[in-house]
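One-letter residues, chain by chain:
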Amino acid sequence: MTESIPIRYVEPVFRPPSEAQSLILPVTDGCSWNQCTFCEMYTAPQKAFRARSEDEVIDSIRRVGARYGDQVRRVFLADGDALVLPTRRLLVILEAIRTHLPAVRRISSYCLPRNLRKKSVADMQALAAAGLRMVYVGAESGDDTVLARVHKGETFDTTRAALDMLGEADITRSVMILNGLGGSVFSAQHAEASARLANLTQPEYLATLVVSFPTGEQRFRAGFPEWAPLALHGLLHEMESFLSQLDLKRTVFRSDHASNWLVLKGTLGADKARLLAQVRDALAAPEQAGLRPAWARGL
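Residues numbered from 1 in each chain as written. Predicted model: local features only at pLDDT ≥ 70, side-chain atom pairs only at ≥ 80, totals over all residues. Heavy atoms only, no water.

Draft legend 1. Quick peek at the overall build of the protein chain. A tally of helices and strands in the protein chain yields nine helices and 10 strands. Rg of the C-alpha trace for the protein chain: 19 Å, near the compact-globule value of 19 Å for 299 residues, within the 12% margin. Per-residue burial for the protein chain yields a buried fraction of 51% across its 299 residues. Long-range contacts, defined as pairs at least 24 residues apart, comprise 79% of the intrachain contacts of the protein chain with a sequence gap of at least 6. Considering the protein chain, the positive charge centre built from 36 side chains and the negative charge centre built from 33 side chains are found 4 Å apart. (Helix = DSSP H or I, 4+ residues; strand = E, 2+ residues; numbered from the N terminus. Rg over C-alpha atoms; globule rule 2.2 N^0.38 Å. Buried < 20%, exposed > 50% of the residue type's maximum accessible area, 1.4 Å probe, protein only. Contact = heavy atoms within 4.5 Å. Lys, Arg positive; Asp, Glu negative; His and termini not counted. Charge placed at Lys NZ, Arg CZ, Asp CG, Glu CD.)

This is the structure in structure tokens:
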């Protein structure tokens, strides 16, 4: 696609790293919750939440289809939580994608657990049948204390319920956990509860990122005054604790985001011993483990 894409984008635009080759199709602007104190993605004034009109979204799909209909293989529904839209509207959008972008093989989106509270398993099954194949769920933590401190608006139970619903609907789940989110005070319980959440739901994909604050920590610390960041050793120790408590059958695991110092890739549980050995080697001799910050890895 060498010409401009006929879609109205409101910058900045975000998508998961694995959606780099996808058509980004905004069906909302911003995030309907937008109160997580660790997240800066949708805090800019122009990213205030609104659902895009059905006419605009369908027209965007039609225009992209007219120009690139046989080239688009994947579509990512943006912005922060496309599944906040009513099921009826989502089905109309998915039908338009099938009609005008016939080469599409996968449609995905972010999903806040709260998005599913007004939806049923039957709703999600209908969306899956219409083409929604995968969702990215930012669980962040399984620990209720940590979730409350960062104003996530979710609990262990609400996140588990959403993941279970998605699994029952046969929608692939990619779950994200934030390494270091609990700081030094809550590190142990953050790792334990996050592992328990993953064990009970058995997501198809699991990823860890390191919590970071590009524009400063003031907003985050206002609601979490006792938070103290983990140094590299603490982050690695938390990762070791998290991995050691995982009991997954067939989950693709990735810790290779730009925020991660130690790149880990494997399938759990087949590669659990190898991944734990990598972390323990890094703990024992960090200078020999090839640990490099994101900028040094060209990310």
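There is more to say, and it comes next.
Draft legend 2. Inspection of the sheet that holds strand β5 (residues 106-110) at higher detail. Ordered by their spatial adjacency, eight strands build an open sheet running β1-β4-β5-β6-β7-β8-β9-β10, and the pairing between neighbours is mixed. Edge positions in the sheet fall to β1 (23-26) and β10 (264-268), since each has one partner strand and no second. Ignoring strand direction, the axes of neighbouring strands in this sheet form an average angle of 20°. Sheet topology places strand β9 (residues 251-255) next to β10; five bridges connect them, and they run antiparallel. Directly across from Thr251, in β10, lies its bridge partner Leu268. (Pairing = 2+ DSSP bridges. Axes fitted to C-alpha atoms, helices over the stretch in contact; angles between N-to-C directions.)

Draft legend 3. Structural context of the side chain of Thr159. Residue position: Thr159 is located in helix α5 (residues 156-168). Looking at Thr159, the relative accessible area reads 1%, which means it is buried. Setting aside its immediate chain neighbours within four residues, Thr159 contacts Pro113, Ala139, Glu154 and Leu197.

Draft legend 4. Geometry of α5. Compared with an ideal rise of 1.5 Å per residue, which puts 13 residues at 18 Å, α5 spans 18 Å between its outermost C-alpha atoms and is within 8% of the ideal. Of all the residues in α5, the buried ones are Phe156, Thr159, Ala162, Leu163, Met165 and Leu166. Those residues of α5 hidden inside the fold are in contact with α3 (121-130), β6 (132-140), α4 (144-149), β7 (172-179) and α6 (187-201). Following α5 by one or two positions, Asp170 adopts a phi angle in the positive range, close to 65°. (Expected span 1.5 Å × (residues − 1).)

Draft legend 5. Structural context of unusual backbone geometry. Along the chain, Glu11 connects to Pro12 via a cis peptide bond; the corresponding omega equals -5°. The topology assignment puts Pro12 in the segment before β1. Here Ala78 and Asp79 are connected by a cis peptide whose omega angle stands at 5°. Mapped onto the elements of the fold, Asp79 is located in the loop between β4 (74-78) and α2 (87-100). Phi angles above zero are rare outside glycine, and Asp170 is one such case at about 65°. Looking at the element boundaries, Asp170 is found in the loop between α5 and β7. Using a relative accessible area of 66% as the deciding quantity, one classes Asp170 as exposed. A positive phi angle, close to 50°, is found at Gln202, a residue other than glycine. Examined against the element boundaries, Gln202 turns out to sit in the loop between α6 and β8 (205-210). A relative accessible area of 23% means that Gln202 is categorised as partly exposed.

Draft legend 6. Representation of empty space enclosed by the protein. Applying the stated criterion to the full structure yields two cavities of 30 Å³ or more. Computed from the structure, the largest cavity encloses a volume of approximately 100 Å³. What lines the largest cavity is Asn179, Val210, Leu232, Leu235, Leu236, Met239, Ser255, Asn260, Trp261, Leu262 and Leu264. No other element matches helix α8 (residues 232-245), which puts four residues into the lining of the largest cavity. Tallied by class, residues from the lining of the largest cavity come to eight nonpolar, three polar and no charged. Roughly 60 Å³ of internal volume is contained in the second largest cavity. If you trace the second largest cavity, you find it lined by Ile177, Asn179, His190, Ala191, Ser194, Thr208, Glu238, Met239 and Phe242. Breaking the lining of the second largest cavity down by element, the ones donating at least two residues are β7, α6 and α8. (1 Å grid on protein atoms, 1.4 Å probe; cavity = no way out; pocket = protein on both sides within 12 Å on 5 of 7 lines; lining within 4 Å. Points joined across faces, edges and corners; volume = space filled by probe spheres on them. Nonpolar A, V, L, I, M, F, W, Y, C, P; charged D, E, K, R; others polar.)

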